[in-house]
Amino acid sequence: MKKVTTYIWMSAMVVLSVALFSAITLLDLGPSLKPIVAAANPTSGDPEFRQSFYGSFEEPLNKPMDVTKIGELIYVTDTKNKQVQVFDQSGNNVFKFGKEGADEGQFQFPYGIAGDKDENIYVADMYNGKISIFNTKGEFIKYFPDQDKVIQSPGGLRIYDEKLYVTDIKENKVYVLNLEGKKLMEIGGSGQDEGKFIAPNAVAVDKDDQIYVTDSGNNRVQIFDKEGKFVRIINGSKDGKGTPLFVNPRGVGVDSNGTVYVVSNLSHNVYAYDKDGNEVLVLGGMGTENGQLYLPNGLYIDDRNAIYVTDTINQRISIFY
Amino acid sequence: MSKVKLGFTALFTLILLSMFAAFASAAEFTPTPSNPAPDIHVGTIDNNGNVNQHKTHGNFQNNTNSCGNCHSTHNGESATLLKFEKTESDLCLSCHDGTLGFYNVLGQGAGGGTFNSSHESSSMHNVGTVAINSAPGAYDNKVEDELQCSSCHNPHGSTNDRLLKQTVAGVTYSTTPIKLALTEDPAFAAINSSSTNSGLKITKSIGPKENADKVTYAAFCSTCHDSYLAGSGTQSAKSGHYSHTTNSSSAGRNCASCHYAHGTDITLLKDTAGKTIADYVAAGWEKETAIKYMKDVSAGGSANKKYTNMSVCWTCHTSSHPLDTPMPAQVGDPNNGTGELWNYVWSSRYNKMIPTFNEKANIR
């Protein structure tokens, strides 16, 4: 190669890289470049925003309160529309079911949603005071047979190992029942003490069967062992003993590494904590852009550690992994 | 070689980036109770020399974090740096939709009525969609702002019960606080009896408390509905219309006697005897029948009323300006006070026993 050509090439490279890097920094493209890199290598690194689901064109999601994955489909309680919308993995709206009312198959405030191993869909209705069970076609099968009639105002709902965990918002309790509807355990009661709740909105269970309950009115998450004995508090402060960082915490989930994710509704964030309670990550932030949240509520983590968050004002589900 | 070069450029980028970050965070502003947002300053001592708590309600503790919930330092959409100008009621409904258990304004309410539009015969203050000066009876009220929860409530706290604002639509209607007839709500006995709730008590209301409060309450509503404030048999200087007494301290003649503050629907509406659909269903009626019976058929809609149609009028007008409609059949003897719906009560005004609905006592 001729010397001149080398010089031209070299200076071109300098100009180009200066242009590239100043573009990245000045136009603040850093964050939007990163996903491409990470997508090529999805197993490492912190979860980050990937995708949003918006609902059907004629009927966008309206105040989506909770989300879950059952089989390969994603189910969302579309609360203000009083129905459930179902999506495939790429965000296409596949079908929806339920309509307004207090009869079978109808909703007034569909909230917590979960699936059993036969992929039946359980939907808690906070106003109707019942949990309805639907088959994979969205047909009403029956009400959850709550044998002792304990459930009054069901909010958060999850099923782990053939056991149903439900928060009762007015009763300020968490009930654990088997799928035949027999009550196995109850935790809580009204108050601010350890082990008491004001308006528990969500529940999750980790692989050691520890139970995580979002105690919304007290701005904290409480952790219980599998016997229901209080273990500790997460509220965003050191050791959970200081002033809470959370404002109106809602959805909670634990990934396969034991990292706990908590939605703080009024700060529009999802906070993540490692097993020792140290903050490791904050997702979201108030806004309407991709990856931002606006009064987020429900949170679900699937078996591949993808995090689904319902974003009530932006009328979408945002997915982070 | 190429690795080193890459390392260098990466380093260079990092340095640049961190400079930007430093720049950005220098512009960051930390809100405090006395300075919640740039250009907004609040005194820390109140008129009485006490520390001004500027206490916001419920979860909004007096810490710096709490102000940031509603006031954004850089993302504000309005002059007061409110984050939620367009979605304010959504913010309130993040908690007041039943997910906190109590004070669900979309449910039966705790005295204020309901904002639920999904049942029959519903009507309400349509927050977020109407202008304040679209209030029926607005004459001096020319405020074009959108009607919001904060048109009536001060989310920061108030000396009035239920955080009611002191100045509404630009009018300071009273300097004495409105007290409401609040009692602990037995539905939340477990919370109310808990000793560890920093005094949190969930209450329900039947409207203004004392006679003076009834007058002040009517003045509150009439900030927006300004020509509806009326004495007996007087012609409004503003509208030229005659009106029922609405500004009196006597029972039945203030806005809260006949209207809910938020709205109404068929599950809340009562009949002359003070019965609801739930009462009739409990007494063995078919639900469909009860709904048909209670349905408000007024041309103007249910107008936030506590009683269906004009039934409230009859509840009162068996004594003063009595109607010559026979009193309904009932269980019990109205002569000895055991009538289920009505009894004979002595009227000093008419100097005789007058058939009187028991429900009359519940009208504020």
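Calculation criteria
- Residues numbered from 1 in each chain as written.
- Chains lettered and ligands numbered in written order.
- Predicted model: local features only at pLDDT ≥ 70, side-chain atom pairs only at ≥ 80, totals over all residues.
- Heavy atoms only, no water.
- Helix = DSSP H or I, 4+ residues; strand = E, 2+ residues; numbered from the N terminus.
- Contact = heavy atoms within 4.5 Å.
- Areas by Shrake-Rupley, 256 points an atom, 1.4 Å probe, with all protein chains shown as cover.
- Buried < 20%, exposed > 50% of the residue type's maximum accessible area, 1.4 Å probe, protein only.
- Pairing = 2+ DSSP bridges.
- Axes fitted to C-alpha atoms, helices over the stretch in contact; angles between N-to-C directions.
- UniProt positions renumbered as here; feature names shortened; annotations may be inferred.
- Salt bridge = Lys/Arg side-chain N within 4 Å of Asp/Glu carboxyl O.
- pLDDT = per-residue confidence, 0-100.
- Core = buried A, V, L, I, M, F, W, Y, C linked by side-chain atoms within 4.5 Å.
- 1 Å grid on protein atoms, 1.4 Å probe; cavity = no way out; pocket = protein on both sides within 12 Å on 5 of 7 lines; lining within 4 Å.
- Points joined across faces, edges and corners; volume = space filled by probe spheres on them.
- Nonpolar A, V, L, I, M, F, W, Y, C, P; charged D, E, K, R; others polar.

Chain B goes by CXXCH cytochrome family protein in an unreviewed UniProt entry, where it is assigned to Neobacillus niacini.

Under an unreviewed UniProt entry, chain A has the name DNA-binding beta-propeller fold protein YncE and belongs to Neobacillus niacini.

S.K.: Go over the overall build of chain B, please, and point to the residues and values.
M.R.: Helix and strand counts for chain B come out as ten helices and eight strands. Counting only contacts in chain B whose residues sit at least 6 apart along the sequence, the fraction spanning at least 24 positions is 48%. Approximately 19900 Å² of chain B is accessible, and the part contributed by carbon and sulfur atoms is 58%.

S.K.: Residue-level account of the overall build of chain A, with values.
M.R.: When helices and strands are counted, chain A shows two helices and 26 strands. Within chain A, the proportion of its 321 residues that are buried is 55%. Counting every atom, chain A has about 14000 Å² of accessible surface; 52% of that belongs to carbon and sulfur.

S.K.: Break down the side chain of B:Asn116 for me, with residues and values.
M.R.: Among the secondary structure elements, B:Asn116 is positioned in the loop between helix 3 (88-95) and strand 1 (123-124). In this structure, B:Asn116 is in contact with B:Leu106, B:Ser122, B:Met124 and B:Asp265, ignoring residues within four places of it in sequence.

S.K.: Break down the sheet that holds strand 20 (residues 249-254) of chain A for me, with residues and values.
M.R.: Residues and elements named next belong to chain A. A sheet is described by the order of its strands in space; here four strands give the open sequence 20-21-22-23, paired in antiparallel fashion. The strands lining the two open edges of the sheet, one partner per strand, are strand 20 and strand 23 (279-284). In this sheet, adjacent strand axes meet at a mean angle of 20° when their direction is disregarded. Of the pairings in the sheet, the one linking strand 22 (residues 269-273) to strand 23 comprises five bridges and is antiparallel in character. Bridge pairing links alanine 272 to leucine 281 in strand 23.

S.K.: Describe the UniProt feature "repeat: NHL" (unreviewed entry) in chain A, listing the residues and the values that go with them.
M.R.: All names here are of chain A. Sequence positions flagged by UniProt for "repeat: NHL" (unreviewed entry) are, in local numbering, residues 94-137, 184-227, 246-276 and 280-321. Overall, residues 184-227 shows 0% helix and 48% strand. The separation of its end C-alpha atoms is 10 Å. Here residues 280-321 runs as 0% helix and 50% strand, with 14 Å between its end C-alpha atoms.

S.K.: Go over the pairing of strand 14 (residues 173-178) of chain A with me, naming the residues and quoting the values.
M.R.: Consecutive residues of a regular strand have side chains that alternate between opposite faces of the sheet. Residue and element names in this part refer to chain A. Within strand 14, six of the six residues are buried, which leaves it mostly tucked inside the rest of the structure. Where strand 13 (residues 163-168) and strand 14 come together, six bridges link them in antiparallel fashion. Paired with lysine 163 across the strands is asparagine 178, a residue of strand 14. In this structure, the hairpin formed by strand 13 and strand 14 is closed by a connection of four residues, where asparagine 172 is found at a positive phi of approximately 60°. In the sheet, strand 14 pairs with strand 15 (residues 183-188) via five bridges, with the strands oriented antiparallel. When the sheet's bridge partners are listed, tyrosine 175 is paired in strand 15 with glutamate 186. Hairpin geometry of strand 14 and strand 15 is characterised by an intervening segment of four residues between the two adjacent antiparallel strands and by a positive phi of about 95° at glycine 181.

S.K.: I'd love a proper account of the pattern of salt bridges, names of residues and values included.
M.R.: Where charged atoms from two side chains of opposite charge approach closely, those side chains can pair. By the definition in use, this model includes 19 salt bridges over all chains. Between A:Glu59 and A:Lys96 there is a salt bridge; the shortest N-O distance is 3.4 Å. Separated by 37 residues along the polypeptide, A:Glu59 in the loop between strand 1 (49-53) and strand 2 (64-70) and A:Lys96 in strand 5 (residues 93-97) bring together distant segments of the chain. Given the relative accessible area of 29%, A:Lys96 is considered partly exposed. One salt bridge in this structure joins B:Lys179 and B:Asp161, with 3.6 Å as the shortest N-O distance. In this pair, B:Lys179 is assigned in the loop between strand 3 (171-172) and strand 4 (180-184) and B:Asp161 in the loop between helix 4 (149-152) and strand 2 (167-168), connecting sequence segments 18 residues apart. We classify B:Asp161 as buried; its relative accessible area is 16%. Among the charged side chains, a network of salt bridges with common partners joins A:Glu58, A:Glu59 and A:Lys96.

S.K.: Break down the confidence of the model for chain B for me, with residues and values.
M.R.: Residue and element names in this part refer to chain B. Predicted confidence across chain B gives a mean pLDDT of 73, with 67% of residues reaching 70 or more. Here helix 1 (residues 2-27) stands out as the element of chain B with the lowest mean pLDDT, 37, in contrast to strand 6 (residues 263-264), whose mean of 93 is the highest. Confidence drops under a pLDDT of 50 for residues 59-64, and excluding neighbours within four residues, the segment shows 16 contacts in the predicted structure. A low-confidence stretch, residues 73-77 stays under pLDDT 50, and its non-local contacts, those more than four residues away or across chains, total 14 contacts. ipTM for the predicted complex: 0.80, alongside a pTM of 0.84.

S.K.: Please provide a residue-by-residue account of the nonpolar core, values included.
M.R.: All names here are of chain A. If you look at the biggest cluster of nonpolar residues, it comprises 15 residues, and the most contacted ones within it are Tyr122, Ile131, Phe144 and Leu164. Of all the secondary-structure elements, those providing two or more residues to this core are strand 9 (121-125), strand 10 (130-134), strand 12 (154-160), strand 13 and strand 14. Ignoring anything within four residues of it in the chain, the contact list for leucine 164 reads Tyr122, Ile131, Phe144, Leu157, Arg158, Ile159, Tyr175, Val176, Leu177 and Leu179.

S.K.: Which residues make up empty space enclosed by the protein, and what are the values?
M.R.: All names here are of chain A. Applying the stated criterion across every chain yields a total of two cavities of 30 Å³ or more. The space that makes up the largest cavity amounts to roughly 100 Å³. Forming the boundary of the largest cavity are 15 residues, of which Asp66, Arg158, Asn201, Ala202 and Gly251 lie nearest the centre. Secondary structure elements with two or more residues in the lining of the largest cavity: strand 2, strand 12, strand 16 (200-205), strand 20 and strand 24 (296-301). Taken together, the residues of the lining of the largest cavity break down into seven nonpolar, five polar and three charged.

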